[in-house]
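Observations on chain architecture
Letter by letter, the chains look like this.
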Amino acid sequence: MTDELLTVPEVMARLKVGRTAVYDLIRTHRLPSLTIGRCRRIPADGLRSFLASRLEEAA
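Just so it is clear, the structure is predicted and the values come from calculations on it, not from any experiment.

Attention now moves to the sheet that holds strand S1 (residues 5-6). Taken in spatial order, the 3 strands line up as S1-S3-S2 in an open sheet, and their pairing is antiparallel. Every other strand in the sheet has two partners, leaving S1 and strand S2 (34-36) as the edge strands with one partner each. As defined by bridge partners, S2 adjoins strand S3 (residues 39-43) across 3 bridges and the pair is classed as antiparallel. Along S3, the bridge assignment pairs Ile36 with Cys39.

Shown next as structure tokens:
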């Protein structure tokens, strides 16, 4: 498996949004995530897919 797993702070930095916004995206299933122990991780491919779908909506 070569997929990179990102932390919430890494996603916050990449999207330039706050913590609440990232957790809202996760809660509404617009941004895929998984829990490992007590840690939330977001697959990098999932973030790319999210961004691609947002760009399509905006076009």
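Following the structure, the description resumes.
Within the fold, Val17 resides in the loop between helix H1 (8-15) and helix H2 (19-27). Taking the C-alpha atoms as reference, Val17 lies 21 Å from Ala59; in sequence the two are 42 residues apart. If near-sequence neighbours (up to four positions away) are discounted, Val17 is found in contact with Met12 and Val22.

The next point concerns the pattern of salt bridges. If you walk through the whole model with that rule in mind, you get 3 salt bridges. With a shortest N-O distance of 2.3 Å, Arg48 and Asp45 are connected by a salt bridge. Taken as a pair, Arg48 and Asp45 lie in helix H3 (residues 44-58) at a separation of 3 residues, close to a single helical turn. Here Arg54 makes a salt bridge to Glu57, at a shortest N to O gap of 3.1 Å.

Turning our eyes to something else, we now look at the pairing of S3. Here 2 bridges tie S1 to S3, and the two strands are oriented antiparallel to one another. Paired with Leu6 across the two strands is Ile42, which belongs to S3. Here S2 folds back onto S3, and the loop between the two strands holds 2 residues, one of which, Gly37, carries a positive phi near 65°.

Conventions and cut-offs
Residues numbered from 1 in each chain as written. Predicted model: local features only at pLDDT ≥ 70, side-chain atom pairs only at ≥ 80, totals over all residues. Heavy atoms only, no water. Pairing = 2+ DSSP bridges. Helix = DSSP H or I, 4+ residues; strand = E, 2+ residues; numbered from the N terminus. Contact = heavy atoms within 4.5 Å. Salt bridge = Lys/Arg side-chain N within 4 Å of Asp/Glu carboxyl O.

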